[in-house]
Amino acid sequence: MTILATRRDILRTGAATGAAFATLLLVRPVMAKPEEMEAAIRAFTGSAPVAKGKVELVLPALVENGNSVPLAVNVAHWMEPNDYVKTIAVFNEKNPQPNVATFHLTPRSGRASVSTRIRLGDSQKITAIAQLSDGSFWVDEAEVIVTLPACAES
Amino acid sequence: MARTLINVPPTAKRGEVVEIKTLISHPMETGFRTGPDGALIPRDIIHRFTCTYNGEEVFSADLFPAITANPFITFTTVATESGELALSWTDDKGQTQTETAKITVE
């Protein structure tokens, strides 16, 4: 007399199916990966070292609507004719494209502070990098949690 | 012609840093969305914004699909002399719109 399936067998198969479902759920939609942000940053900075400081990236920590997120970047550096903030570039981790915006400043900007509104497709890390006229790079990062991401309707 | 909103202080002291706020109505279609027929809607965004002060460029920006519809940009410039600020937006269809604002420096 043989028993086709013991209680233990059924439990075992159940656990296996559960694991298979979990891996299916982990498959994410097509979005840029953090490596793409790294690549975009490398394309901007070249091989120059990027130091922390000077830059202040202002973003809300918790965002309700990813379709419009206020973003401001301030760089604590003077704007003298021969020593000024040349470029401010903003990058994201998980939108379909790693670039957000690149601002080109001149000594006539008077102050290195810009602001705009951006879209966020997911909770992620935003990076702002400032390039000074002497070629040095400065960075600031911010983590943002998005409750309703942009592009959710499509 | 798209509607624009430009906020420049009408008067400023010489050497003062003034803040300029700009907004233009534009759908900023990302090129990642699908239409009702399932096909991708072609990208149409404003990819370039520039500001000149009496003919000299003082600020410019390269924009990407991560910028919201109706892009809003603020930046600063030093009020050096009375004159005109010309702001221009260029989109993927090749259209450029230029708007001007007057500033009086005392």
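Being a predicted model, the structure only gives us computed values, none of them experimental. For every chain, the first residue of the written sequence is number 1, and numbering continues from 1 onward in sequence order. Starting at A for chains and at 1 for ligands, labels are handed out in the order in which the entities are written. With the structure being a predicted model, the display of local features is reserved for residues of pLDDT at least 70 and the display and counting of side-chain atom pairs for 80 or more, all residues being used for whole-chain, interface and lining totals.

Chemist: Mind showing me how you'd approach the overall build of chain A here?
Modeler: Per the convention used, a helix needs a DSSP run of H or I reaching at least four residues, while a strand needs a run of E reaching at least two, with both numbered from the N terminus. On a plain count of helices and strands, chain A comes out with two helices and nine strands. Counting helices and strands in the order they occur from the N terminus, chain A gives α-α-β-β-β-β-β-β-β-β-β. Neighbour counting defines burial: a residue surrounded by 20 or more other C-beta atoms within 10 Å of its own C-beta is buried, one with 12 or fewer is exposed, and intermediate counts give partly exposed, using backbone-placed C-beta atoms. A buried classification covers 36% of the 154 residues belonging to chain A. Our contact criterion uses C-beta atoms placed from the backbone: two residues qualify when those atoms are within 7 Å. Taking the contacts inside chain A whose residues are at least 6 apart along the sequence as the reference set, 70% of them involve residues at least 24 apart.

Chemist: What is the right way to read the interface of chain B and chain A from this model?
Modeler: Often, the extent of an interface is quoted as the loss of accessible area upon association of its parts. The interface of chain B with chain A comprises 25 residues on the first partner and 27 residues on the second. Among the elements of the structure, β5 (56-63) and β6 (72-78) of chain B are those that each provide at least two residues to the side of chain B that touches chain A. Relative to β5 of chain B, strand β6 (residues 99-105) of chain A runs antiparallel, the two sharing five bridges. Among the inter-strand pairings, His104 of chain A is bridged to a residue of β5 of chain B, identified as Ser60 of chain B. For two strands to be treated as a pair, DSSP must find no fewer than two bridges joining them.

Chemist: Help me understand the confidence of the model for chain B, please; the structure alone is not making it clear to me.
Modeler: Reading predicted coordinates in detail is not appropriate for stretches of low pLDDT. Each residue gets a pLDDT score, which is the predictor's confidence in that residue and runs from 0 to 100. Per-residue pLDDT for chain B averages 94, and the proportion of residues at 70 or more is 99%. Across the interfaces of the predicted complex, the ipTM metric reaches 0.93, alongside a pTM of 0.84.

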